[in-house]
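Observations on the three-dimensional arrangement
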Amino acid sequence: MKIARNCFAGSELVELLVRHHGYSPSNAVEIGKQLCKKHFIHHVFGKNDFEEGNHFYRFLEHEPLISKCFNFRGATNDSEPKAAAAVCDRLTKIMCAILESFASEDRRHVDYVAISKSEELRRYVNMTQDLQRVNLLELSENETLAFFINLYNAMIVHAIIRVGCQEGVINRKSFFDFHYLIGGHPYSLGAIKNGILRSNRRSPYSLIKPFGTGDRRLEHALVKMNPLVHFGLCNGTKSSPKVRFFSPYRVAEELRSAAREFFENDGIEVDLEKRTIHLTPIFKWYSADFGQERNILKWIINFLDANKAGLLTHLLGDGGHVNISYMSYDWSINS
């Protein structure tokens, strides 16, 4: 038996609107549908939109996990929902300004202490409340891709400041539970990366997918997973790709550029004498996204400079055995 708290029946809302506000029953039902659509209320089990009768609903702020979201302050934003793309664009501009002031020129080192004391961060945190009831369904596939990459990278900065960051892929599991309320639902860093951007795939060392059957967030998961996403996401460590933000109109091109830059500085080393390729462990952790190791090497060539591409092409083309090893990952914060 399931127990739902802080809820009301659809018939109770309709009766309230008819008796005390003078609406006709049909208009009262339509108001209920609009309240659901704009994420003021939700069905307690997420099964349907508003219907009159013995269906139970509750206000968004009464849903589980909402109070733990770091862009929630006791009550949801009750203003008219803003366009999702516009909200993300404003948040991205503020975060870019923050990094311009408090990160190194190459964005590989970030002064989180200085950011935590800045007026710009306060403005950013206040504006994140506009995410609470945005309509994510209005976004195109590329807009969804850019929206969630940019939000993930901004949330990482906010998370390091608010909750700190432990080292190690397993020890960091609690860190990736850092949540925002977005479009009426709670999204953790892990849910964004693995549920949305990786098209609902299991995270490393996990046995279950982020979103189960019937989870409304599945509507926003990317239809096709682009493995280049891994080079656009910054997790705040020294071995991570650097923090950057993407345009929804050029996101595919910019992800290719991010991959080329990552492999230019890190990510791969070619030892011709020992016939060994040293790769970032990102390829091991997310092997399901990249395919077989030899196919990965052929794919990587597209993103290497002429020197590394030539060495790798030579090793793959002479018929000899090629060894693949994985580099150590530096989990220390990129401060």
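Refer to the structure printed above.
Described in the following lines is the structure provided in the data block. Remember, predicted model here, so these are calculated numbers, not experimental data. (Residues numbered from 1 in each chain as written. Predicted model: local features only at pLDDT ≥ 70, side-chain atom pairs only at ≥ 80, totals over all residues. Heavy atoms only, no water.)

Now for the overall build of the chain. The helix and strand tally for the chain stands at twelve helices and eight strands. Seen through its C-alpha atoms, the chain measures out along the principal axes to roughly 85 × 45 × 35 Å. When burial is assessed residue by residue, the chain has 49% of its 335 residues classed as buried. Long-range contacts, defined here as pairs at least 24 residues apart, represent 67% of the contacts in the chain between residues at least 6 apart. Taken as a whole, the chain presents about 16,700 Å² of accessible surface, with 49% of it coming from carbon and sulfur. Counting 42 positive and 38 negative side-chain charges, the chain places the averaged centre of each group 3 Å from the other. (Helix = DSSP H or I, 4+ residues; strand = E, 2+ residues; numbered from the N terminus. Buried < 20%, exposed > 50% of the residue type's maximum accessible area, 1.4 Å probe, protein only. Contact = heavy atoms within 4.5 Å. Areas by Shrake-Rupley, 256 points an atom, 1.4 Å probe, with all protein chains shown as cover. Lys, Arg positive; Asp, Glu negative; His and termini not counted. Charge placed at Lys NZ, Arg CZ, Asp CG, Glu CD.)

Overall, mixed pairing links the three strands, which are arranged S6-S7-S8 in an open sheet. The open sheet is flanked by strand S6 (268-271) and strand S8 (323-326), the only strands paired with a single partner. With direction set aside, neighbouring strand axes in the sheet form an average angle of 20°. With four bridges connecting them, S6 and strand S7 (residues 276-279) associate as antiparallel partners. Paired with Asp-271 across the bridge in S7 is Thr-276. Strands S6 and S7 of the sheet are contacted by helix H12 (residues 306-317), whose axis makes an angle of about 55° with S6. (Pairing = 2+ DSSP bridges. Axes fitted to C-alpha atoms, helices over the stretch in contact; angles between N-to-C directions.)

By the criterion of burial, helix H7 (residues 189-197) is predominantly enclosed, with nine of the nine residues buried. All buried positions along H7 are accounted for by Leu-189, Gly-190, Ala-191, Ile-192, Lys-193, Asn-194, Gly-195, Ile-196 and Leu-197. Against helix H6 (141-163), strand S4 (179-182) and strand S5 (185-188) lie the buried residues of H7.

Further remarks concern the sheet that holds strand S3 (residues 56-59). The antiparallel open sheet is built from three strands, whose spatial order is S1-S3-S2. Either end of the sheet is taken by a strand with one partner, and the two such strands are strand S1 (8-9) and strand S2 (41-43).

Attention shifts here to the side chain of Arg-244. Positionally, Arg-244 belongs in the loop between H7 and helix H8 (251-265). At 3.0 Å, the side chain of Arg-244 forms a polar contact with the side chain of Glu-261. Dropping the residues within four chain positions of it, Arg-244 is found in contact with Asn-153, Gly-232, Ala-258 and Glu-261. (Polar contact = N/O pair within 3.5 Å; in protein donor to acceptor, adjacent residues only side chain to side chain.)

Remark: four residues form the turn of the hairpin made by S6 and S7, two consecutive strands paired antiparallel; Arg-275 in that turn has positive phi of roughly 50°. Of the strand pairs in this sheet, S7 and S8 are connected by four bridges, and their pairing is parallel. Counted as the bridge partner of Ile-277 is Ile-324 from S8.

As far as function goes, none of this settles anything; it's purely spatial.
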